[in-house]
Number of protein chains: 2
Amino acid sequence: MTAKRNTKQKSAIEEAFTNIQRPLSPTEVCDLARKQVPRLGIATVYRAINEMVEEGLLRPVDLPGQNTRYEKAGLHHHHHFHCSSCDKVFDLEGCFLKKDLNLPKGFDVIQHDITLTGHCPDCNHDF
Amino acid sequence: MTAKRNTKQKSAIEEAFTNIQRPLSPTEVCDLARKQVPRLGIATVYRAINEMVEEGLLRPVDLPGQNTRYEKAGLHHHHHFHCSSCDKVFDLEGCFLKKDLNLPKGFDVIQHDITLTGHCPDCNHDF
DNA sequence: CTAATTGCAAACAGTTTGCAGGCGT
DNA sequence: ACGCCTGCAAACTGTTTGCAATTAG
């Protein structure tokens, strides 16, 4: 039989995603989880995250020019906002894609990704 | 005085972008340019590309989960199509962003990126 | 001639993997 | 006690940088 184990490192990693409700990078997760497991290795974070992706608990969030972040799976279709000041990523409800794309013949669209970049509410009042 | 030189490696690199009218990765550029300069080093390609970006001749094209590609600068606003079969990237004319975004208060959008993913015309008839 | 440019290899950052010891079960 | 899991270090990929040799002007 398999025999998946419950370890404090995995719990700490899962908790990071529960506590912070926005896409997190492996480094962010590691920093957060180290508050509970100080000697936590980054490799363990990667292994745990990849497992959780396989199990369908997490979803990778790839943004242009950014390292992969991860967020809880099962959220309904949405897009992302990337703050160029604090580098945080936020979920934005709803779909921003135009209805009528009018593409050249032969392009078969399976998926679309939209990223808005700018300043988030927290950073905005610095300007 | 400065003293920018014309070398066959730079010409070969520039020609790659002139001959192939779609965003190219440094590796693609290197492979293409090596047809003319077989001993061309990848570091030279990176250096030339970065210079051309500084000079405003090229523009970086970052797509989710992909290495940076580059395309000639000065094209008017457009978006990109990424073929998941052949991994090529194509420019698509026009803007696909909805007019009325209706974001939560405080999010200040400076820029947006849209990537469509699917099969390109060449790959499409394999299905 | 002489300094910008190249090619190679070493240095880096992010991610993955191998392995010996640690720890759930 | 068994063997999954962790931490560390080594391996890897994409990109940048240092340096001696090459070469454009």
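Below you will find a few notes about this structure. All chains use their own residue numbering, which begins from 1 and follows the written sequence. The naming scheme follows written order: chains are lettered A onward, ligands numbered 1 onward. Totals for whole chains, interfaces and linings use every residue, but because this is a predicted model, local features are given only for residues with pLDDT of at least 70 and side-chain atom pairs only at 80 or more, for both listing and counting. Note: side-chain values were computed over all heavy atoms of the structure, leaving out hydrogens and water.

### Looking at helix 2 (residues 26-33) of chain A
Residues and elements named next belong to chain A. Partly exposed describes any residue whose relative accessible area lies between the buried limit of under 20% and the exposed limit of over 50%, with all areas from a 1.4 Å probe on protein chains only and scaled to the type maximum. Secondary structure counts use DSSP, requiring at least four H or I residues in a row for a helix and at least two E residues in a row for a strand, with both numbered from the N terminus. Every buried residue of helix 2 is accounted for by Pro 26, Val 29, Cys 30 and Ala 33. Buried positions in helix 2, seen along its axis, are confined to an arc of 100° and lie on one side of it. Residue contacts follow a heavy-atom distance rule, with two residues in contact if any of their heavy atoms lie within 4.5 Å. Residues of helix 2 that are buried in the fold lie against helix 1 (8-19), helix 3 (42-54) and strand 2 (69-72). Along the arc lie the directions from the helix axis toward the C-beta atoms.

### A closer look at the packing of helix 1 (residues 8-19) of chain B against helix 3 (residues 42-54) of chain B
Residues and elements named next belong to chain B. Angles run from 0 to 180 degrees between N-to-C directions of axes, and those axes are lines fitted to C-alpha atoms, restricted for helices to the stretch in contact. Axis separation between helix 1 and helix 3 bottoms out at 10 Å; the angle between their running directions is 65°. One way to sum up the angle between helix 1 and helix 3 is to call them roughly perpendicular. Remark: the crossing between helix 1 and helix 3 carries right-handed chirality. Contacts between helix 1 and helix 3 pair Gln 9, Lys 10, Ile 13, Glu 14 and Phe 17 from the former with Thr 44, Val 45, Ala 48, Ile 49, Glu 51 and Met 52 from the latter. Basically, the charged four are Asp, Glu, Lys and Arg, the nonpolar ten are Ala, Val, Leu, Ile, Met, Phe, Trp, Tyr, Cys and Pro, and anything else, Gly included, counts as polar. For the contact of helix 1 with helix 3, the class distribution of residues is 6 nonpolar, 2 polar and 3 charged. Orientation categories follow fixed angle ranges, with anything under 35 degrees roughly parallel, anything over 145 roughly antiparallel, 65 to 115 roughly perpendicular, and all other angles oblique. Note on convention: the crossing is left-handed when the near helix lies turned anticlockwise from the far helix by less than a right angle, right-handed when the turn is clockwise.

### Remarks on the pairing of strand 3 (residues 78-83) of chain A
Put simply, side chains in a regular strand alternate between the two faces of the sheet. Residue and element names in this part refer to chain A. Counting buried positions over the 6 residues of strand 3 gives 6, a clear majority of the element. On strand 3, burial covers both faces: His 78, His 80 and His 82 on one face and His 79, Phe 81 and Cys 83 on the other are all buried. Both strand 3 and strand 4 (residues 89-93) contribute to a ladder of 5 bridges, which runs antiparallel. When the bridges of strand 4 are listed, Phe 81 appears paired with Phe 90. Being paired, for any two strands, means DSSP has found at least two bridges between them. A loop of 5 residues connects strand 3 with strand 4, the two strands running antiparallel in sequence, and Asp 87 in this loop sits at a positive phi of about 70°. In terms of strand pairing, strand 3 meets strand 5 (residues 108-119) through 4 bridges, oriented parallel. Bridge pairing in strand 5 links His 82 to Thr 117.

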